[in-house]
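# Chains, contacts and geometry: an overview
Residues per chain are reported as follows:
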Amino acid sequence: SRWYLFRLTSYYFPVLGAINLPTSSTVINAHANSATTQSGENADAILTRMIHRYLIGDNDCKPNAIAFTAAIKAHSSSINATISTHASASGDDCDFESNDISSNNCKKQIELSAKRCEELLQQLCLLYQTCSHDRTLKPTAVTFDLVTRACTQARNVEGVWRVKELRSVVMNEDAVK
């Protein structure tokens with residue numbers, strides 16, 4: 001699985017100039033479906049590269065809601081892989097109340113991935129609002145649900161509320177227009 005992703009990434013991105021929206025979204029989605037503990041970081045690297053290329057004038061790399069959602073899904077998959085890895089190694093779920101090193105590392109990884117999901121959603125919503133409500137940048141229900149689930153898994157109640165508020169703002173803006 002990791003070898004395949006490496007080959008896929010190497011094939012589609014042999015040089016920096018080969019990046020475009022369809023291939024980038026495909027590779028981000030492949031990382032999201034790989035369900036490894038590194039899925040989120042790998043998808044993030046590609047999304048960050050896309051954003052950089054777009055900001056320096058490469059319109060073929062303009063990220064859209066699909067690319068952001070796939071990166072969020074990759075982080076969500078990373079959370080699930082972290083929980084699975086911890087459970088198989090220790091024989092129990094990632095205990096947020098425990099003070100042992102293994103549980104603390106698991107908890108930190110989950111919290112970091114959930115935080116990144118929320119950050120990506122906020123970035124996407126900001127882009128949507130500042131780019132004249134470009135429909136290609138509108139977050140979907142799936143996007144909001146993935147972030148809500150990630151925050152729930154991280155036991156981040158405030159994050160769940162922020163996502164809920166952001167969802168109502170984005171959806172209400174469209175209802176007003």
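Residues numbered from 1 in each chain as written. Predicted model: local features only at pLDDT ≥ 70, side-chain atom pairs only at ≥ 80, totals over all residues. Heavy atoms only, no water.

### What to know about helix H3 (residues 39–55)
Short version of the rule: Strands are runs of DSSP state E lasting at least two residues, helices are runs of H or I lasting at least four, and both sets are numbered from the N terminus onward. How far a helix is expected to stretch is found by multiplying one less than its residue total by 1.5 Å. The rule is simple: take the accessible area with a 1.4 Å probe, protein chains only, and divide by the maximum for that residue type; under 20% is buried, over 50% is exposed, in between is partly exposed.
Over its 17 residues, H3 runs 24 Å from end to end, which matches the ideal 24 Å to within 8%, given 1.5 Å per residue. By the burial criterion, the buried members of H3 are Ser 39, Gly 40, Ala 43, Asp 44, Ile 46, Leu 47, Met 50 and Arg 53. Phi for Gly 57, located one or two positions after H3, is positive at around 110°.

### A word on the packing of helix H2 (residues 21–34) against H3
This is how it is decided: Axis lines are fitted to C-alpha atoms, over the contacting stretch for helices. Their N-to-C directions set the angle, which ranges from 0 to 180 degrees. Angles are sorted into four bins: roughly parallel if under 35 degrees, roughly antiparallel if over 145, roughly perpendicular if 65 to 115, and oblique for all others. Two helices crossing with the near one rotated counterclockwise from the far one by less than a right angle form a left-handed crossing, whereas a clockwise rotation gives a right-handed crossing. Should any heavy atoms of two residues lie within 4.5 Å, those residues are considered in contact. Polar here means any residue outside two lists: the nonpolar Ala, Val, Leu, Ile, Met, Phe, Trp, Tyr, Cys and Pro, and the charged Asp, Glu, Lys and Arg; Gly therefore counts as polar.
Contact geometry of H2 with H3 gives a least axis separation of 8 Å together with a crossing angle of 170°. Comparing the axis directions of H2 and H3 gives the class roughly antiparallel. You can see that H2 and H3 cross each other, and the crossing is left-handed. Contacts from Leu 21, Ser 24, Val 27, Ile 28, His 31 and Ser 34 of H2 reach H3 at Ser 39, Asn 42, Ala 43, Ile 46, Leu 47 and Met 50. In terms of residue class, the contact of H2 with H3 is built from seven nonpolar, five polar and no charged.

### A word on the environment of Leu 166
With respect to the helices and strands, the residue Leu 166 is situated in helix H7 (residues 157–176). Here Leu 166 falls in the buried class, since its relative accessible area comes to 18%. Spatially, the C-alpha atoms of Leu 166 and Phe 144 are 8.9 Å apart, while their sequence positions differ by 22 residues. Those residues in contact with Leu 166 that sit more than four places away from it in its chain are Leu 121, Gln 122, Cys 125 and Phe 144.

### Looking at helix H6 (residues 141–153)
An ideal rise of 1.5 Å per residue puts 18 Å on 13 residues; H6 measures up with 18 Å between its terminal C-alpha atoms. Directly beyond the C-terminal end of H6, a positive phi value near 60° is found at Arg 155.

### So, the side chain of Ser 113
Here Ser 113 is to be found in helix H5 (residues 101–130). In contact with Ser 113, not counting residues within four places along its chain, are His 75, Ser 78 and Ile 79.

### Re unusual backbone geometry
Of note, Ser 132 is a non-glycine position whose phi angle comes to about 55°, a positive value. Here Ser 132 shows up in the loop between H5 and H6. Since its relative accessible area comes to 67%, Ser 132 is described here as exposed. Here the phi dihedral of Arg 155 falls at roughly 60°; this positive angle occurs in a residue that is not glycine. Within the element layout of this structure, Arg 155 appears in the loop between H6 and H7.

By themselves, these figures tell us nothing about what the structure is for.
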